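One letter stands for each residue in the lines below.
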Amino acid sequence: MPGYELFGAQERKEVNDVLESGILMRYGFDGARNGMWKAKELEQEICSTFGTSHAQLVSSGTAALTTAMVALGIGAGDEVIMPTFTFVASFEAVLSVGAIPVPVDIDETLTLDPKAVEQAITPRTKAVMPVHMCGSMAQLDELKAICDKHKLLLLEDACQAIGATYKGKYLGTIGDAGTFSLDFVKIITCGEGGAVLTNKKEVYEKCDQYSDHGHDHMGKDRGADLHPYVGYNFRISELHAAVGLAQVRRLGEFLTLQKHNHAIIYDTLKNVEGLTFRVIPDPAGDAGSFLSFFLPTEEMARDAVAGFAAAGLGGNFYWYDNNWHYIRKWQHLQSGSWMNRLYDEQKKQVLHYTNQAFPVSDAIMSRCISSLTSLVWTEAQAQERADKMAAVLNKVIKGAMAGA
Ligand SMILES: *Cc1c(COP(=O)(O)O)cnc(C)c1O
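Bear in mind the structure is a predicted one, so any value in this text is a computation, not a measurement. (Residues numbered from 1 in each chain as written. Predicted model: local features only at pLDDT ≥ 70, side-chain atom pairs only at ≥ 80, totals over all residues. Heavy atoms only, no water.)

Once that is clear, we can look at the site of the ligand. Around the ligand lies a shell of 14 residues, among which Gly61, Thr62, Ser181, Asp183 and Lys186 are the nearest. Taking Thr62, its side chain carries an N or O atom lying 2.5 Å from an oxygen atom of the ligand. Between an oxygen atom of the ligand and a side-chain N or O atom of Asp183, the distance comes to 2.6 Å. The protein chains hide 93% of the 380 Å² of surface that the ligand would expose on its own. Each residue belonging to the shell around the ligand can be placed in one class, and the counts come to five nonpolar, six polar and three charged. (Near = heavy atom within 4 Å. Polar contact = N/O pair within 3.5 Å; in protein donor to acceptor, adjacent residues only side chain to side chain. Areas by Shrake-Rupley, 256 points an atom, 1.4 Å probe, with all protein chains shown as cover. Nonpolar A, V, L, I, M, F, W, Y, C, P; charged D, E, K, R; others polar.)

The following block contains the structure:
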């Protein structure tokens, strides 16, 4: 997945442009910047690459989620349906706007189960937030139909799925808004950064204002800008945008390598008897950043994780035990360990929803392993890794069958 693996001359050139002008801020200083507008250029590049009308760069993927929610009008008391398997940023962003995260079960797509979403809808539900985890996608047709039927907003968290598509459209461009993360380990990186994508002009305008203290950006003089709304500072710097500009232009190169290496691992592991794979709603659109698969039981999954480690195979993630990506380990959220005090109703509802049991999600995540695809493997290295993984998996599954 990570674009940082191929950081090179193109990225350095874009950063050097900014260093030479000395203007590190994305707004203002028109005369001094030698015509250099890296953040604006990157926003235009995002629009043309992904086919969206508008893009707003911000300082992180988490800030992108927060900004998108504010711009969509999600706020105090609103419920936002999100999956149990995601990154903590999902609930952080929901909490930050005064809303209530409502985690619901996933299915073998590793993101929202549409049936679970429909069951979780209440009169307070305002939005559904699928998270396109690990380079692949949610069942967007089904989720969109639910949102249309119940008049809910669809906010796509595509932070981990930049360049993946669903039925020919890029993830992040299908809902009312979508978000990218450009942090250091994502498919493309700025170092730190994020973006909101939307086809709705009024949503974009609010993102543009909110992420820069409410500035309306109508004139040339920042001091004379009006502030139609109260905003915040989630600005990206020109230095970060410069890195992203080089990386987004290389996305095609990264995806080709990633899909190629992913196919080598998959073509070997698909022959392992007893192993099953993540359901991909549109296989052609998978970015290939991870290969996610299921062992028949939790015990076998744990044995496989140990076997991979013993064989020196890094980059295999067992999310069920991970502190950051699955609800089972979010005790800080479930126990109400907030640094700032929430308002009473929010606190009550958050504790209520996050302390539910999720046996369906547990049964899926406890058997799941995701294997990260590197961009820098040679074909021989990818094949060697695939063979070693297959050997571990065959041994674990055959051993368990023999013992049963
Ligand atoms: C990385 C990530 C985020 C947050 O992005 P940051 O840029 O690290 O703030 C949000 N959601 C998902 C699914 C992510 O993987």
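Here we take up the domain arrangement of the protein chain. As far as domains go, the protein chain holds domain 1 (3–250) and domain 2 (252–323 + 361–403). The distance between the C-alpha centroids of domain 1 and domain 2 comes to 29 Å. Contacts between domain 1 and domain 2 engage 30 residues on the former and 30 residues on the latter. A buried area of about 2500 Å², summed over both sides, lies between domain 1 and domain 2, and 61% of it is on carbon and sulfur atoms. On the domain 1 side of the contact with domain 2, Glu108, Cys134 and Arg250 bury the most area, a combined 26% of that side's loss. Inspection of the domain 1/domain 2 interface yields two salt bridges. Salt-bridge contacts for Glu253 lead to Arg250; the nearest nitrogen and oxygen are separated by 3.0 Å. Counting across the interface, domain 1 meets domain 2 through 15 residue pairs in polar contact (both at pLDDT 80 or more). Here the residues of the side of domain 1 that touches domain 2 sort into 13 nonpolar, 11 polar and six charged. (Domains from an automatic or database assignment. Contact = heavy atoms within 4.5 Å. Buried area = accessible area lost by both parts, 1.4 Å probe. Salt bridge = Lys/Arg side-chain N within 4 Å of Asp/Glu carboxyl O.)

Attention now goes to the pairing of strand S4 (residues 125–128). Two elements, strand S2 (residues 79–83) and S4, share three bridges in a ladder whose sense is parallel. Bridging from a neighbouring strand, Ile81 pairs with Val128 of S4. Relative to strand S5 (residues 153–157), S4 runs parallel, the two being bridged by two bridges. Each residue of the ladder has a partner; that of Ala127, found in S5, is Leu153. Viewed along the sheet, the connection from S4 through helix H6 (residues 140–150) into S5 turns out right-handed. (Pairing = 2+ DSSP bridges. Helix = DSSP H or I, 4+ residues; strand = E, 2+ residues; numbered from the N terminus. Right-handed = clockwise from strand over helix to strand, strands pointing away.)

The next subject is the sheet that holds strand S12 (residues 316–317). Read from one edge to the other, the open sheet built from four strands follows the order S10-S11-S13-S12, with strand pairing classed as antiparallel. Strands with a single pairing partner mark the edges of an open sheet, and in this sheet they are strand S10 (276–277) and S12. On top of the sheet, helix H9 (residues 251–269) reaches S10 and strand S11 (290–294); it is set at about 20° to S11, its chief contact. Across the sheet, helix H10 (residues 298–310) is in contact with S11, S12 and strand S13 (368–372); its angle to S13 comes to roughly 30°. (Axes fitted to C-alpha atoms, helices over the stretch in contact; angles between N-to-C directions.)

So, about the sheet that holds strand S1 (residues 54–58). Overall, mixed pairing links the seven strands, which are arranged S1-S9-S8-S5-S4-S2-S3 in an open sheet. A single partner strand is all that each edge strand has here, and the edge strands are S1 and strand S3 (100–104). Ignoring which end each strand starts from, the neighbouring axes of this sheet average 25° apart. Across the face of the sheet, helix H3 (residues 61–72) comes into contact with S1, S4, S5, strand S8 (177–181) and strand S9 (194–198) while running at roughly 165° to S8.

Helix length check: helix H14 (residues 379–403) (25 residues) gives 36 Å between terminal C-alpha atoms against 36 Å at 1.5 Å per residue, within 8%. If you follow the buried residues of H14, they end up packed against H9, S11, H10, S12 and S13. (Expected span 1.5 Å × (residues − 1).)

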